[in-house]
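Spelled out, the chains give:
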Amino acid sequence: MSNLGFEDTDTILTEDRLFAPSHDVVENANILAYMKSKGFTDYDAFHQWSLENRFEFWEDMAKELHWFEPWQTTFQWTTKPFFQWFAGGKFNITYNCLDRHKDTPTWKKVAFYWEGDDGSSRTLTYEELYVMTNRMAKGLQNLGVKKGDRVAIYLPAIPEQVAALLAVARIGAVHSVVFGGFAASALRDRIIDAEAKVVITADGNYRGGKHIQLKKITDEAVAETPTIEKVIVVHRLGSDVPMQAGRDVYLHDLIADIPEDTVVPCEPMDSEDLLYILYTSGSTGKPKGIVHVQGGYAVGTYTTTKFVFDIKDGDIYWCTADIGWVTGHSYIVYGPLMNGVTSVLFEGTPTYPAPDRFWNIVEKYKVSIIYTSPTAIRGLMRFGEEWPAKHDLSSLRILGSVGEPINPEAWIWYRKNIGHSALPIMDTWWQTETGMILISPTVILPLKPGSATRPMPTIEADIVDRDGNAVGQNKGGFLIIRHPWPAQMRTIYKDEDRYRTYWETIPDVYFAGDAATKDTDGYFRVQGRVDDVIKVSGHRLGSMEIESSLVSHPAVAEAAAIGKPDPLKGEHVKVFVIVKHGYEPSAELEKELKLHVRTTVGALAVPEELEFTPSLPKTRSGKIMRRVIRAKELGEPVGDISTLDG
Ligand code: 6R9
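Residues numbered from 1 in each chain as written. Predicted model: local features only at pLDDT ≥ 70, side-chain atom pairs only at ≥ 80, totals over all residues. Heavy atoms only, no water.

By the naming in an unreviewed UniProt entry, the chain goes by Acetate--CoA ligase and is assigned to Reticulibacter mediterranei.

Right, dumping it as structure tokens:
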């Protein structure tokens, strides 16, 4: 990453409104109970203690979960920047999501209220999810899936998707969930990189009323993957799809003869054994397989769910993300289930069939905690205050936000219209790589609109320059973390060198790739990426992935993709295209190229703007200077370009 530049990010928002938490909420907060057990009532003092006693903190948290055998070493560097948490421990995350709740009242409690895109619904208790998970685990074993094997999951948001993750983890296999909106070639590349043996998909589904043919896309992908032996097809629509004899099997057939009382014992995994791979965009064309492990990831997501969302027994929790993204892994599946909370799982979109779909769901299920994205909020704001006003939202007590910076205007709208002008907003900053929330308020902190506030306990975050020197208060710089936390990624799958760059770009600290500031109260304000990652509606896209897609089209010689500020999506994609000799720029070609990106990467990546150009600025070594293109496009100073050559 040679093009780090934050010279132009040194702009401080003059946002100084402060929203104090209510006394009752603070008194009953989960985090306060823990703080008091250590002799603290003030978060600053407690946080300072947690920096000095980080292992004690994480040991306390880990002890709340079930270990088949206790760990021997809480933390150790192996060869820096590689490290281990809870080494020597034997653990299974599915045991902690399900089995641990047996013989407790949680067992009979609802795990998920599922709401389909079409308004259909299903309810599953913890016990029922356990039964579904065990039968699926047995089915996978019957197909020959063993500990360490990779299983790709390409499903819509249905209970079987949750059970699929849990079943794979239960038998010690490794899941690789692929977002249902990705195109066949994206699914294919992820299956190939992970060398997955089995893929679990569905006959199809509806999203926002649109029919998505998951099985057809899977067939296209699997035609080019040498490792896939079996395709499991969940009946979501109940439609008949072409099945390849010997390879494809319907889930209901696979488990037909597996009795409901079947128990597949949880594989006792080493803490550091792989739990999952999740691909995300970086600054090269190839998505990175972020690796998370069983023990530390569980401890980190369990703890942050409990403290940030202040989970209580009667809560109805709803994270509106998709399980195909890290937010869904950590805060739909693992964190909430380990906390034994009742959740809503939603298959659809915020505006279908009408712009009050979210608020309708909140009212219907009496949701008390909602965790959504700035894009969703801004999108719903457009339709006006009358849509939330139609619904009784009085069940809500905590609001959450994730995925991109939330602008103060959206923050205020969210609080006023959804949060009855009173509820706290947890603006949670984290990443696929971090596995868990790292910077976020808890309900005890005063809030500032547009600020993710303070780091979580034990998290040592700072703002530094490119050499790692702290820049001081209210100065723009790079957001870094100084010490590993339990849920941090362990490596990039089959690419250790790429993992090292996170700890080597700025010497000896974890560099997140974001620009941010810290104010005099120690509150962080994250501004956005400083690398070639574009965040469209909170979803990560790599410039190079879009460019590679474009140059794979016969008419394209070269392409550059940049992110441009977008009032709704946060950012949108603009591409610059040089056509090959013999081709002419035209409106038709523009349409064709956009479609090409849609079918090779996915709908999210489709450029909003496409400009044909005769040339692109490049370094002497031939790299496209996206930062220069972006600055020119936005009419900003181009800045120091001497460092761009690489
Ligand atoms: C969880 C998730 C990570 C990037 C991250 C940053 C942006 C996420 C944010 C935020 C400002 C927040 N980001 N949360 N920026 N405020 N509360 O989104 O993971 O898809 O890997 O993206 O998202 O730029 O670096 P991921």
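**What to know about the environment of E590**
As a reminder of what qualifies: A run of H or I in DSSP becomes a helix once it reaches four residues, and a run of E becomes a strand once it reaches two; helices and strands are each numbered from the N terminus. Relative accessibility decides the category of a residue: with a 1.4 Å probe and only protein chains considered, values under 20% of the type maximum give buried, values over 50% give exposed, and everything between is partly exposed.
Turning to its location among the elements, E590 is positioned in helix α19 (residues 587-600). Residue classification places E590 among the partly exposed positions, given a relative accessible area of 24%. Linking E590 and G400, residues 190 residues apart in sequence, is a C-alpha distance of 38 Å.

**Focus on the pattern of salt bridges**
Here is the rule: For salt bridges, the criterion is a side-chain nitrogen of Lys or Arg within 4 Å of an Asp or Glu carboxyl oxygen.
Taken as a whole and judged by the stated rule, the model has 51 salt bridges. With its nearest N and O atoms 3.9 Å apart, the salt bridge here joins D514 to R529. With D514 in strand β24 (residues 510-518) and R529 in strand β25 (residues 524-529), this residue pair connects regions lying 15 residues apart in the sequence. Overlapping salt bridges, with partners in common, bring together K564, K574, E609, E611 and E633 in one network.

**Re the site of the ligand**
Applied cut-off: Whether a residue is near a molecule or strand is decided by its heavy atoms; if any one of them lies within 4 Å of it, the residue is near. Whenever a nitrogen or oxygen atom comes within 3.5 Å of another N or O atom, the pair is scored as a polar contact, on the condition that within protein one atom can donate a hydrogen and the other can accept it, and that pairs from neighbouring residues in sequence are kept only if both atoms are in side chains. All accessibility values rest on the Shrake-Rupley procedure with a 1.4 Å probe; residue burial counts only the protein chains present in the view. Residues are sorted three ways: Asp, Glu, Lys and Arg are charged, Ala, Val, Leu, Ile, Met, Phe, Trp, Tyr, Cys and Pro are nonpolar, and all the rest, Gly among them, are polar.
The full set close to the ligand counts 17 residues, and D427, T432, D514, R529 and K535 are the nearest of them. At 2.5 Å from an oxygen atom of the ligand is found a side-chain nitrogen or oxygen belonging to T432. A distance of 2.8 Å separates an oxygen atom of the ligand from a polar side-chain atom of R540. Here the ligand loses 95% of its free accessible area of 530 Å² to cover by the protein chains. When residues of the shell around the ligand are traced back to their parent elements, those giving at least two are α12 (326-338), β20 (425-428) and β25. Within the shell around the ligand, the residues separate by chemical class into six nonpolar, five polar and six charged.

**Quick look at the UniProt feature "domain: Acetyl-coenzyme A synthetase N-terminal" (unreviewed entry) in the chain**
Worth spelling out the cut-off: UniProt positions are given in the numbering used here, feature names are shortened, and annotations may be inferred rather than shown by experiment.
The positions UniProt marks with the feature "domain: Acetyl-coenzyme A synthetase N-terminal" (unreviewed entry) are residues 43-97. Across residues 43-97, helical content stands at 44% and strand content at 22%; the span's end C-alpha atoms are separated by 29 Å.

**Things to note about the sheet that holds strand β14 (residues 274-280)**
Formally: One requirement defines pairing of two strands: DSSP has to find at least two bridges between them. Whether two residues touch is decided by their heavy atoms; if any such pair falls within 4.5 Å, the residues are in contact. All axes are obtained by fitting lines to C-alpha atoms, using only the stretch in contact for helices, and the reported angles, taken between N-to-C directions, cover 0 to 180 degrees.
Strand order across the open sheet formed by eight strands is β12-β11-β8-β6-β7-β14-β15-β23, with mixed pairing between neighbours. Both outer strands of the open sheet, β12 (248-250) and β23 (491-492), are each paired with one neighbouring strand and no more. Sheet analysis places strand β8 (residues 198-202) next to strand β11 (residues 230-234), joined by five bridges and oriented parallel. When the sheet's bridge partners are listed, T201 is paired in β11 with V233. Docked against the sheet, helix α8 (residues 184-194) engages β6 (150-154), β8 and β14, running at close to 140° with respect to β14.

**A look at the domain arrangement of the chain**
Cut-off, in case you're wondering: Each domain's extent was defined by an automatic or database domain assignment. In this description, buried area is defined as the sum, over both parts, of the accessible area (probe of 1.4 Å) that is lost when the two are combined.
Looking at the assigned domains, one finds that the chain contains domain 1 (9-92 + 275-528), domain 2 (126-267) and domain 3 (532-634). Look at where the C-alpha atoms of domain 2 and domain 3 centre, and you get two points 33 Å apart. Across the boundary between the two partners, domain 2 contributes seven residues, which contact eight residues of domain 3. For the pair domain 2 and domain 3, the summed buried area comes to about 390 Å², and 51% of that belongs to carbon and sulfur atoms. Counting the surface domain 2 buries against domain 3, the share from its top three residues, F182, A183 and S185, is 60%. There are zero salt bridges connecting domain 2 and domain 3. Viewed at the interface, domain 3 and domain 2 are joined by two residue pairs in polar contact (both at pLDDT 80 or more).

**Here's the deal with the state of the cysteines**
Formally: By disulfide we mean two sulfur atoms from cysteines, separated by a distance within 2.5 Å.
As enumerated under the stated definition, the model contains zero disulfides in all. Cysteine C97 shares no disulfide, and the gap to the nearest cysteine sulfur, in C266, comes to 9.5 Å. For C97, a relative accessible area of 0% gives the class buried. No disulfide involves C319; its nearest neighbouring cysteine sulfur is the one of C97, lying 15 Å away.

**Examining the sheet that holds strand β21 (residues 461-464)**
Strand order in this open sheet of four strands is β21-β22-β24-β25, and the pairing throughout is antiparallel. In this open sheet, the two strands that pair with only one neighbour each are β21 and β25. Sheet twist, expressed as the mean angle between neighbouring strand axes with direction ignored, is 45°. For β21 and strand β22 (residues 477-481), the ladder comprises four bridges, and the chain directions are antiparallel. Bridged to A461 within β22 is I481.

**Focus on the confidence of the model for the chain**
Detailed reading of predicted coordinates is not advised where the pLDDT is low. What counts, and what does not: Per residue, pLDDT captures the predictor's confidence, and it can take any value from 0 to 100.
Averaged over the chain, the pLDDT score is 95; the fraction of residues at 70 or greater is 97%. For the stretch residues 642-646, pLDDT sits under 50, and the model shows 13 contacts to residues farther than four places along the chain or on other chains. Here the predicted complex carries an ipTM of 1.00, next to a pTM of 0.95.

**A short note on the UniProt feature "domain: AMP-binding enzyme C-terminal" (unreviewed entry) in the chain**
According to UniProt, the positions carrying the feature "domain: AMP-binding enzyme C-terminal" (unreviewed entry) are residues 545-623. Helix makes up 27% of residues 545-623 and strand 32%. Its end C-alpha atoms lie 15 Å apart.

**Quick look at the pairing of β11**
The buried fraction of β11 amounts to four of the five residues, a majority that puts the element mostly inside the structure. Alignment of β11 against β12, held across three bridges, turns out to be parallel. Each residue of the ladder has a partner; that of V233, found in β12, is Y250.

**Considering the pairing of strand β4 (residues 110-115)**
Most of β4 is tucked away: five of the six residues are buried. Two strands pair when backbone bridges link them, and β4 and strand β5 (residues 121-125) are joined in this way by five bridges, in the antiparallel orientation. When the bridges of β5 are listed, V110 appears paired with T125. What sits between the antiparallel neighbours β4 and β5 is a turn of five residues, in which G119 has the positive phi angle 90°. Bridge count between β4 and strand β17 (residues 342-346): four bridges; the pairing is parallel. Each bridged residue has a counterpart across the sheet, and for W114 the counterpart in β17 is L345.

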